[in-house]
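Listed below are the residues making up each chain.
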Amino acid sequence: MHSFLVVLVFTLSCALAIVFLFWNNGPGSTFTHQIQNKLCSESPSWDTSLSRTFRPISSLETISHPSGHSSNNGVDDISWESLLLPQNGGLLRVRTSNDTVTDHGVSMFHQLHCLIVIRDLIFPEPSRGNRNSTSPSHIGHPKSDAIHWAHCFDYIAQGIICAADDTIEPPHHVLNREGRKVRIIDGVGHTHACRDPTSLWRAVQNSELHPIDMSILKDSVRASSLNTRDCEMVDNCTIPEPYRAH
């Protein structure tokens, strides 16, 4: 709310200054342009985008085997869940008007939860102990499990379409198994314009310590002006590798 008021004050000040100066100096006045640029150029920005160059992240490309060991020299896998989700699964803790605390989802973490569920069907991770997982791929009921998987495919598809990443990915040549040069598109090495995912990680972690008041909650973390710059949980602030911009 405070950030919103700051933006509103700057915007109104800029508009009033322009009207006043146009009235007194005319639209062509040098003085008018100087004051206009001074007031408007320093208004707060909501832009939190960052550049990220896609590259292989070995911890995300490790293939788990039923034995519980990875394909990399028999070293145990670091679970996808620990790499992509906070300990509570990415839920935002919210305090309601009757002073109870409820969990709210955050779409990025919901999408990652679904991706973890689907991956676990292909590359099971028995070493991570699904009983304590926030993203179990099976609950033991075939119909319920199938409905969950179908929901996750649907949800991930809609999330990708919603993001509408328009980065153009030129092809490049690699050698196939027969040693022949082939052209592929794998998206590696291209820079994308992204939002900052670490801000969502911090918002969720902070809500564990200080649940968010329902009265300030809007449609998104960003619109709710939550504290996403600082991590208040000193002992649990490590941002996993996949979240860091490269």
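Per-chain numbering applies: the sequence of each chain, read as written, is numbered from 1 onward. Local features in this predicted model are restricted to residues of pLDDT 70 or higher, and side-chain atom pairs are both shown and tallied only at a pLDDT of 80 or more, whereas totals for entire chains, interfaces and linings draw on every residue. Here the side-chain values reflect all heavy atoms present in the structure, with hydrogen atoms and water set aside.

## Considerations on the overall build of the chain
Part 1 of the argument: Counting its regular elements, the chain contains seven helices and seven strands.
Part 2 of the argument: Helices and strands in the chain line up, N terminus first, as α-α-β-α-α-β-β-α-α-β-β-β-α-β.
Part 3 of the argument: Sequence separation of at least 24 residues holds for 64% of the intrachain contacts in the chain that already meet a minimum separation of 6.
Part 4 of the argument: The Shrake-Rupley method, run with a 1.4 Å probe, gives the accessible areas here. Residue values count only the displayed protein chains as cover. Accessible surface for the chain amounts to roughly 16100 Å². Of this, 59% is attributable to carbon and sulfur atoms. Where helices and strands are cited, they refer to DSSP runs of H or I of at least four residues and of E of at least two residues respectively, numbered from the N terminus. In this description, contact between two residues means that some pair of their heavy atoms is separated by no more than 4.5 Å.

## Brief notes about the pairing of strand β5 (residues 181-184)
Part 1 of the argument: Bridge analysis of strand β4 (residues 172-175) against β5 gives four bridges, and the strand direction is antiparallel. Its bridge partner lying in β5, His172 is registered against Ile184.
Part 2 of the argument: Paired strands, in this sense, are two strands between which DSSP finds at least two bridges. Between β4 and β5, which pair antiparallel one after the other, the connecting turn spans five residues, and Gly179 there sits at a positive phi close to 85 degrees.

## Here we look at the packing of helix α5 (residues 107-122) against helix α6 (residues 142-163)
Part 1 of the argument: Viewed as axis vectors pointing N to C, α5 and α6 meet at an angle of 130 degrees, and their least axial separation amounts to 9 Å. In terms of axis orientation, α5 runs oblique to α6. Relative to α6, the crossing made by α5 is left-handed. Taken together, the residues of α6 that come into contact with α5 (itself represented by Ser107, His110, Gln111, His113, Cys114, Leu115, Val117, Ile118 and Leu121) are His148, Trp149, His151, Cys152, Phe153, Tyr155, Ile156 and Gly159.
Part 2 of the argument: Residues are grouped as follows: Ala, Val, Leu, Ile, Met, Phe, Trp, Tyr, Cys and Pro are nonpolar; Asp, Glu, Lys and Arg are charged; every other residue, Gly included, is polar. By residue class, the composition of the contact of α5 with α6 is 10 nonpolar, seven polar and no charged. For helices, the fitted line uses only the C-alpha atoms of the stretch in contact; every axis is such a line through C-alpha atoms, and the angle between N-to-C directions lies from 0 to 180 degrees. Angle categories: roughly parallel below 35 degrees, roughly antiparallel above 145, roughly perpendicular from 65 to 115, and oblique for all the rest. Put simply, a crossing is left-handed when the front helix is turned counterclockwise from the back one by less than a right angle, and right-handed when it is turned clockwise.

## Observations concerning the sheet that holds strand β2 (residues 92-95)
Adjacent strands of a sheet form backbone hydrogen bonds with each other and so pair up, either parallel or antiparallel.
Part 1 of the argument: Here we have three strands laid out as an open sheet, ordered β3-β2-β7, and mixed in their pairing. One side of each edge strand has no neighbouring strand; the edge strands of this open sheet are β3 (101-104) and β7 (212-213).
Part 2 of the argument: Against the sheet, helix α7 (residues 197-209) makes contact with β2 and β7, and its axis sits at roughly 45 degrees relative to β2, the strand it touches most.

## Structural notes on the packing of aromatic side chains
Between two aromatic rings, the relevant description is the distance of the centres plus the angle of the planes.
Part 1 of the argument: Note on aromatic contacts: the rings of Phe and Tyr and the six-membered ring of Trp form a pair at centre separations within 6.5 Å, being stacked when their planes are under 30 degrees apart, edge-to-face when over 60 apart, and tilted otherwise. Scanning all chains against the criterion turns up two aromatic pairs.
Part 2 of the argument: Look at Phe109 and Trp201: their rings are 6.4 Å apart centre to centre, the planes differ by 65 degrees, and that puts the pair in the edge-to-face class. One end of the pair, Phe109, is in helix α5; the other, Trp201, is in helix α7, and 92 residues separate them in sequence. For the pair Phe109 and Trp201, a shared accessibility class is recorded, and that class is buried.
Part 3 of the argument: Ring plane angle 70 degrees and centroid distance 5.1 Å describe the contact between Trp201 and Tyr243, whose orientation is recorded as edge-to-face. One end of the pair, Trp201, is in helix α7; the other, Tyr243, is in the segment after β7, with 42 residues separating them in the sequence. Here Trp201 and Tyr243 have matching classes, each one buried.
Part 4 of the argument: The rings of Phe109, Trp201 and Tyr243 are connected pair by pair, giving a single aromatic cluster. For every residue, the accessible area obtained with a 1.4 Å probe (protein chains only) is divided by the maximum for its type, and the residue is called buried under 20%, exposed over 50%, and partly exposed between those limits.

## Overview of unusual backbone geometry
Part 1 of the argument: Positive phi is not limited to glycine here, since Ala164 has a value of about 45 degrees.
Part 2 of the argument: Of note in the backbone geometry, Ser225 takes a positive phi value of approximately 55 degrees without being a glycine.
Part 3 of the argument: Along the chain, Ser225 falls in the segment after β7.

## Some words on the confidence of the model for the chain
Part 1 of the argument: Confidence of the predictor in every single residue is expressed as pLDDT, which spans 0 to 100. Overall, the predicted model of the chain reaches an average pLDDT of 76, with 68% of residues at or above 70.
Part 2 of the argument: Below pLDDT 50 for its whole length, residues 127-132 participates in nine contacts with residues either more than four positions away or in separate chains.

## Observations concerning the pairing of β2
Part 1 of the argument: Going residue by residue along β2, you find Leu92 and Val94 tucked away on one face and Arg93 and Arg95 left uncovered on the opposite face.
Part 2 of the argument: The pairing of β2 with β3 spans four bridges and is antiparallel. The residue of β3 that forms the bridge with Val94 is Thr102.
Part 3 of the argument: The hairpin turn running from β2 into β3, its antiparallel successor, is five residues long, and Asp99 in that turn takes a positive phi close to 70 degrees.

## Some points on the side chain of Arg202
Part 1 of the argument: Inspection of the secondary structure puts Arg202 in helix α7.
Part 2 of the argument: If sequence neighbours within four positions are ignored, Arg202 has contacts with Asp196, Thr228, Arg229, Asp230 and Cys231.

## Description of the nonpolar core
Note on soluble globular proteins: their nonpolar side chains tend to be buried together.
Part 1 of the argument: Only buried residues count toward a nonpolar core, which is a set of Ala, Val, Leu, Ile, Met, Phe, Trp, Tyr and Cys residues joined through side-chain atoms within 4.5 Å. The biggest cluster of nonpolar side chains holds 19 residues, and the ones touching the most others in it are Leu84, Leu92, Val106, Phe109, Leu112, Val221 and Tyr243.
Part 2 of the argument: Those elements giving two or more residues to this core turn out to be α4 (80-84), β2, α5 and α7.
Part 3 of the argument: In terms of residues, this core owes the most to one element, α7, which gives four residues.
Part 4 of the argument: Beyond its immediate sequence surroundings of up to four residues, Leu92 is in contact with Thr102, Asp103, His104, Val106, Ala203, Val204, Ser207, Ile212, Leu217 and Leu226.
Part 5 of the argument: Core analysis: the second largest hydrophobic core is formed by five residues, Cys114, Val117, Ile118 and Cys152 among them.

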